[in-house]
Amino acid sequence: MTLTMSTSSGTGEAAVETITDCYTCAVSGAWGHSGCPTCPSYRKKHYTVSKGGRVSNTDYFCVGESPFLSGFTEQENHSGWSFDIERTIFVAFQNAVNRFDKLEGRFTYAVRCQIEKPNAKEMLACAPNLRAELLEYTIPEKPICIFVMGATALKSLGVQFKKYTDVIGKIIETNIDGQRAYIFVSLSKRQLATKAGYTEILSRQIEVFLKMVQDNRAGELEAKRSVLSRLSEDYRYPRTVEELSDLVTEIVNYTIPKIPRDYSPISLDTETNTLYPHRDKLQLLMVSVCWDKGKSAAIQLEHPESNIKLEDARPHLNRLFSCIKPKIFANAKYDLKVLERKGFKVEELSWDVMLGEHLIEEDKKGFYGLKHITRLRLPEFAAYEDELKEIYAGRIDNDTLTPADTAEASHEEQLLKKVKPKRAKKKKADDAPKLSRLEKKLEADNGYKSIPLQELMKYAAFDADVTFRCATQQRTELTDESKALAKKRSTFTQGTKEVSKRIGEVLFKHPNPPLYNMAKRILPTTKILAKMELHGMAVDRKYIHTLQADMDNYLANSSTIFTDMLPIGLTAVSYTHLTLPTKA
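Bear in mind the structure is a predicted one, so any value in this text is a computation, not a measurement. (Residues numbered from 1 in each chain as written. Predicted model: local features only at pLDDT ≥ 70, side-chain atom pairs only at ≥ 80, totals over all residues. Heavy atoms only, no water.)

Describing the sheet that holds strand β3 (residues 60-64)
Ordered in space as β4-β3-β5-β8-β7, the five strands form an open sheet in which the pairing is mixed. Only two strands of the sheet have a single partner each, and these edge strands are β4 (105-109) and β7 (171-176). Going across the sheet, the axis of each strand differs from the next one's by a mean of 30 degrees, ignoring polarity. Note: β3 against strand β5 (residues 144-149), four bridges, orientation parallel. From the neighbouring strand, glycine 64 faces β5, where its bridge partner is methionine 149. Taken strand by strand, helix α3 (residues 120-137) contacts β3, β4, β5, β7 and β8 (179-186), and its axis lies near 175 degrees from that of β4. Lying over the sheet, helix α7 (residues 198-217) contacts β3, β5, β7 and β8, oriented at roughly 170 degrees with respect to β5. (Pairing = 2+ DSSP bridges. Helix = DSSP H or I, 4+ residues; strand = E, 2+ residues; numbered from the N terminus. Axes fitted to C-alpha atoms, helices over the stretch in contact; angles between N-to-C directions. Contact = heavy atoms within 4.5 Å.)

Encoded structure:
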């Protein structure tokens, strides 16, 4: 390979390296596409080819941002997908599951050259090449299924968004040069490198995506993408107190098949006008409840369009909240605070979906909300919040996603357009006081009060339904894990060595450790935290001031002992001067 140094004549600009003779780039057809000469990195970065698939017979595409690999020099870095850990996980998962092993995939990049963070002009230069590749390799009569890994790849396909993390897990419908496409948005390589727990998210996303690809191959994808109306056909929306009374009686007496009535759980959720239940303005717009898969209801209360008054509904809601059935919440701490503020007490709290996800998979910060859990566990419900979000966006300017039709819109406009659209500034009176950041946040805190009643009721019923389904999946998963632990315990306790028996007795005290942790540790703590956040806690200020004065006195008289802050010095301060105990 030959690198020549070139300088822009007469400009005094710094010299740049131009690749003139690289065998690997040459045999891979580097820089031969129509957009390449317009790229700022033309012949300055090495080129990497795609892997897998056959022309007109490829089931899916995995599109990364670029072939840049941290830790490799440019001369070494021609591997691309060959040694990519994400492709390894993808292919290993596909081969491990029999129903997916016949699918053919192609692994490619939004930007083919080794650029760490491609800019808009580099994306624009590569975009025609990416579109042509997708159309050449996909099955002509089928929609294109694309697994996107990173913001650069998503923008190259013509999708505009505000925050990439907000769209992870979504399936976006669009068109690529006239052909329908379904884009599954996954984690980027940078995100995967930050937390070990994200690898498990990637595995789950791959499973959801490959199921989608399988449905597409069978010609069932488009039908399955339109199932929300079918999933919600048994939802109930009581409009009078009498209808509410009948509904509560039905729920309390309902029995899930093979589960005793008193042990048949129900999930609950609240919709309010604020994110902060302690605020005086708090209104309980509605309560939603689900008592079996597909059996959900939304109870209108303090919404401006509601026909049922909260006080008229109170005795029936009390009957629901106090019944012996186990109660499930998506985020119990918030809902318990809301209900307590409104004078309700929930009995038999049994599960929290967000905390249940923590029990199953730790170290995936940012992916414990109901939205992300639903996208992973119940992809058929993944779009249920989109309609509400569009309405919400139209009223408070808070949209997160605008799918673009790449056949009609200009790619140059799409890729060079700012990701965050400008918001219209609200006119303020000349004498209006300047608000602090917190005051602005509180001023904009109106929750879902502006959403029309019909749309909000459907959304609320979906919330309760997915909460019920996710909790069922989580409990099943943890019970299976407990059975595996029981086998390990048996191995230890039935061993011949005394040490093995003791290990078994110590490590496996309970038959179902995860469920025990939820019932005996996590949920009781959640109740206490909810009360502390709602009511605060009493502090003896006079005593605190006395402690502060005593500490100031002590430090003033002992300042010389703190001159050495090395570990040895701190040890001396802790155990010699402060006489801290050396044993627990």
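Notes on the pairing of β3
The element β3 is largely enclosed, with a buried count of five among its five residues. The alternating pattern of β3 places Tyr60, Cys62 and Gly64 on one face and Phe61 and Val63 on the opposite face, and all of these are buried. Across five bridges, the pairing between β3 and β4 is parallel. What sits directly across from phenylalanine 61, in β4, is arginine 106. (Buried < 20%, exposed > 50% of the residue type's maximum accessible area, 1.4 Å probe, protein only.)

A word on the nonpolar core
With 64 residues, the main nonpolar core has Val289 and Phe321 as its most contacted residues. It is helix α18 (residues 453-493) that contributes the most residues to this core, 13 residues altogether. The contacts of phenylalanine 321, once residues within four sequence positions are left out, are Leu268, Val287, Lys327, Leu339, Phe344, Lys345, Val346 and Glu347. In terms of nonpolar packing, the next biggest core, distinct from the first, is built from 51 residues, Phe100, Leu130, Ala153 and Leu221 among them. (Core = buried A, V, L, I, M, F, W, Y, C linked by side-chain atoms within 4.5 Å.)

Purely geometric numbers; function is a separate question.
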